[in-house]
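Below, each chain spelled out in residue letters.
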Amino acid sequence: MVRARTAERRTEILRATLEVIAERGYRGTTLGAVAERVGLSQQGLLHYFPTKEALLVAVLRERDQWDTGGGARSDGTWRTDLLGSLVEYNAMRPGVVQTFSALLGESVTEGHPAGEFFTRRYAQVRTSMATMLRTEYGETLPGGLTPERAAPLLVAVLDGLQYQWLLDPGSVDMPAAFQDFLRLLHPDSPAEPVRPSGE
């Protein structure tokens, strides 16, 4: 019972941290602000997460768990159609996407505590995407690339669309743009008709 309450409290703290980071950025986020958001003292928050860095990494891992639940099969592997579903899911939670994108941008600065997390994460994601592409296309994609060479491009499209959508959601339809990209991988699939603007 105590363990369940602790897990529930940790989840509450992680969600509150996402909100605060989305509002202030990682560098502007303080343990005090997160503690206040969940009705704890800063000392009480440290009982669950001993440092700001530990809290940050826990937030990033939690976000990846949500994504895995929304886009991977039960065996942990991916399919391109499930990636499309994940993009649609992300379009319904801009705050989470904003937080992830802000942290990703900040993580390239020297000494940022999320740098190691994102480096490892991208290595794992590229491997997963290459495995997915190999399962669907074999050793060569329609354009002639190997799965390993195409995987970084696929990841770049996913994350790059998020930045464009966050900056100008009225002009960038993230799910539709990703489906357009998937049609490049399936050149024989019929293109959807272009809808008049305003529909």
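Conventions adopted
Residues numbered from 1 in each chain as written. Predicted model: local features only at pLDDT ≥ 70, side-chain atom pairs only at ≥ 80, totals over all residues. Heavy atoms only, no water. Helix = DSSP H or I, 4+ residues; strand = E, 2+ residues; numbered from the N terminus. Buried < 20%, exposed > 50% of the residue type's maximum accessible area, 1.4 Å probe, protein only. Contact = heavy atoms within 4.5 Å. Core = buried A, V, L, I, M, F, W, Y, C linked by side-chain atoms within 4.5 Å. Axes fitted to C-alpha atoms, helices over the stretch in contact; angles between N-to-C directions. Parallel < 35°, antiparallel > 145°, perpendicular 65-115°, else oblique. Left-handed = near helix turned anticlockwise from the far one by under 90°. Nonpolar A, V, L, I, M, F, W, Y, C, P; charged D, E, K, R; others polar.

1. Here's the deal with the overall build of the chain
Tallying secondary structure elements over the chain gives 9 helices and 0 strands in all. Reading the chain from its N terminus to its C terminus gives the helix and strand order α-α-α-α-α-α-α-α-α. Across the 199 residues that make up the chain, the buried fraction comes to 40%. Within the chain, contacts between residues at least 6 apart in sequence are counted, and of these 60% link residues at least 24 apart.

2. Considerations on the side chain of serine 101
Along the polypeptide, serine 101 turns up in helix α6 (residues 94-107). Those residues within four positions of serine 101 in sequence are excluded, and the remaining contacts are Gln162, Tyr163 and Leu166.

3. Details of the nonpolar core
Ranked by internal contacts, the top residues of the largest apolar core, which has 36 residues, are Leu83, Phe118, Met129, Leu133, Leu154 and Phe178. Among the elements of the structure, α4 (52-71), α5 (80-90), α6, α7 (115-137), α8 (147-167) and α9 (174-185) are those that each provide at least two residues to this core. Tallying contributions element by element places α7 first for this core, with 8 residues. Leaving out residues up to four positions away in the same chain, methionine 129 has contacts with Trp78, Leu83, Ala151, Leu154 and Val155. Counting residues in each nonpolar core, the second largest holds 17 residues, with Val20, Leu45, Ala58 and Val59 among its members.

4. Details of helix α2 (residues 31-38)
Residues Leu31, Ala33, Val34, Ala35 and Val38 constitute the buried set of α2. One or two residues past the end of α2 sits glycine 39, with phi positive at roughly 75°.

5. Side note on the packing of α5 against α8
α8 packs onto α5 with a crossing angle of 20° between their chain directions and a minimal axis gap of 12 Å. Here α5 is positioned roughly parallel relative to α8, judged by the angle of their axes. When you trace α5 past α8, the crossing you get is right-handed. Between α5, through Leu83, Val87 and Asn90, and α8, the contact on the second element is made entirely by Leu154, Leu158, Gln162 and Trp165. For the contact of α5 with α8, the per-class residue count stands at 5 nonpolar, 2 polar and no charged.

Purely geometric stuff here, so don't read any function into it on its own.
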